[in-house]
Amino acid sequence: MDKLLDFTGKTVLITGAAQGFGELLARELAARGAHLVLGDLKTDALMAVASELKAGGTKVVALHCDVSNEAHCQALVDGALETFGQLDIAVNNAGIAHTLGPIETITNDMFDQQWQVNVMGVQFGLRHQITAMRKQKHGVILNVASMAGLGGTPRGAAYSAAKHAVVGLTKTAAVEVARDNIRVNAICPFFTATPMVTKSDLVSHAGSLEQAKDALSRGAPMRRIAEPEEIVNVMLMLLSPGNTYMTGQAIAVDGGASAI
Ligand SMILES: NC(=O)c1ccc[n+]([C@@H]2O[C@H](COP(=O)([O-])OP(=O)(O)OC[C@H]3O[C@@H](n4cnc5c(N)ncnc54)[C@H](O)[C@@H]3O)[C@@H](O)[C@H]2O)c1
């Protein structure tokens with residue numbers, strides 16, 4: 001295997017691993033030799049993914065986890081340390097969207113939920129992951145933000161505010177831990193055909209999945225939304241053992257949307 005994509009023996013923690021980006025990333029890393037610590041709210045789906053990976057020979061710890069609960073985030077880190085003795089890589093991926101609407105209709109509850117899951121979920125992860133990584137003097141962290149964290153997002157005010165906060169946390173953490181040999185970056189995908197989009201009310205509003213994809217693709221010069229593997233491939237590049245000097249970055253993977 002090319003050493004740039006060889007994760008043999010690395011312990012990788014992923015939140016939101018029951019479906020979407022998190023599940024696909026877990027599968028790709030398992031195929032490249034990683035040990036996995038996986039968390040998700042959807043316990044049954046998570047356990048099904050974990051069983052399949054274990055059957056293929058991967059060492060997996062899978063835990064029910066609500067990232068808005070700090071103890072659950074700590075338990076994932078503890079699981080990595082107790083089972084594998086170290087935490088090499090952490091991917092703070094779990095996140096939620098909200099029903100789109102004009103800013104004056106976005107409720108306080110929607111803002112609260114975005115804050116608890118999309119912002120505090122990342123902060124709780126960072127707190128415990130960095131505590132472990134500072135002791136071992138190495139680590140790589142990837143936060144899954146969004147294009148909504150890099151610019152205004154019409155009809156997505158609370159999500160956009162939360163994802164901007166994720167970018168701020170990423171840059172701040174990166175600067176604070178750089179001398180401990182820990183890299184922290186964020187990935188900022190454009191709309192992607194994961195269940196967050198394909199099973200959302202965007203589809204019922206548009207009439208069909210194809211019509212929803214058409215409508216969403218107008219924001220990208222490539223005139224299509226992303227496929228999950230197009231984002232996960234960049235996650236692998238950002239996590240690569242060969243990527244040793246990049247930190248504090250929020251990387252857009254967006255079919256050219258941010259180039260306009
Ligand atoms: N799909 C997109 O268009 C897109 C674009 C940009 C960014 N993102 C971000 O990518 C990340 C992954 O999204 P996805 O597209 O794979 O979505 P998804 O809905 O397909 O998967 C998200 C996973 O996170 C889990 N999750 C949700 N809340 C959780 C919580 N509180 N605790 C633990 N797990 C929780 C869900 O159960 C699910 O398994 C999210 O942070 C999302 O905001 C997605």
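Higher on the page you've got the structure.
Report on the accompanying structure. In this text, all values refer to a predicted model and were calculated from it rather than measured experimentally.

**Focus: the overall build of the protein chain**
Consideration 1: A count of helical and extended segments in the protein chain gives 9 helices and 7 strands.
Consideration 2: The C-alpha radius of gyration of the protein chain comes to 17 Å, within 12% of the 18 Å expected for a compact globule of 260 residues.
Consideration 3: In terms of its C-alpha atoms, the protein chain occupies a principal-axis envelope of roughly 50 × 40 × 35 Å.
Consideration 4: When burial is assessed residue by residue, the protein chain has 49% of its 260 residues classed as buried.
Consideration 5: Surface summary for the protein chain: the accessible area is close to 12000 Å², and the carbon and sulfur share equals 55%.

**Quick look at the packing of aromatic side chains**
Consideration 1: Enumeration over the complete set of coordinates arrives at 1 aromatic pair.
Consideration 2: Taken together, a centroid distance of 5.3 Å and an interplanar angle of 80° make the contact between Phe190 and Phe191 edge-to-face.
Consideration 3: Classification of Phe191 as partly exposed rests on a relative accessible area of 32%.

**Points about the site of the ligand**
Consideration 1: Around the ligand lies a shell of 29 residues, among which Asp40, Asn93, Tyr159, Thr192 and Thr194 are the nearest.
Consideration 2: Take Phe21: an N or O atom from its main chain is 2.9 Å from an oxygen atom of the ligand.
Consideration 3: At 2.5 Å, a side-chain N or O of Thr194 approaches an oxygen atom of the ligand.
Consideration 4: For the ligand, the protein covers 95% of the area, taking 820 Å² as the surface of the free molecule.

**Here we look at the sheet that holds strand E7 (residues 250-253)**
Consideration 1: Across the sheet, 7 strands lie side by side as E3-E2-E1-E4-E5-E6-E7; this open sheet has parallel pairing. The open sheet has two free edges, formed respectively by strand E3 (60-64) and E7, since each of these has just one partner strand. Neighbour to neighbour, the strand axes of the sheet diverge by 15° on average, direction disregarded.
Consideration 2: Sheet topology places strand E2 (residues 35-40) next to E3; 5 bridges connect them, and they run parallel. From the neighbouring strand, Gly39 faces E3, where its bridge partner is Leu63.
Consideration 3: Against the sheet, helix H3 (residues 70-84) touches strand E1 (11-15), E2 and E3, its axis set at about 160° to E2.
Consideration 4: Relative to the sheet, helix H5 (residues 157-177) contacts strand E5 (139-144), strand E6 (182-189) and E7, its axis offset from that of E6 by approximately 160°.

Parameters at a glance
Residues numbered from 1 in each chain as written. Predicted model: local features only at pLDDT ≥ 70, side-chain atom pairs only at ≥ 80, totals over all residues. Heavy atoms only, no water. Helix = DSSP H or I, 4+ residues; strand = E, 2+ residues; numbered from the N terminus. Rg over C-alpha atoms; globule rule 2.2 N^0.38 Å. Buried < 20%, exposed > 50% of the residue type's maximum accessible area, 1.4 Å probe, protein only. Areas by Shrake-Rupley, 256 points an atom, 1.4 Å probe, with all protein chains shown as cover. Phe/Tyr/Trp six-rings, centres within 6.5 Å; stacked < 30°, edge-to-face > 60°. Near = heavy atom within 4 Å. Polar contact = N/O pair within 3.5 Å; in protein donor to acceptor, adjacent residues only side chain to side chain. Pairing = 2+ DSSP bridges. Axes fitted to C-alpha atoms, helices over the stretch in contact; angles between N-to-C directions. Contact = heavy atoms within 4.5 Å.

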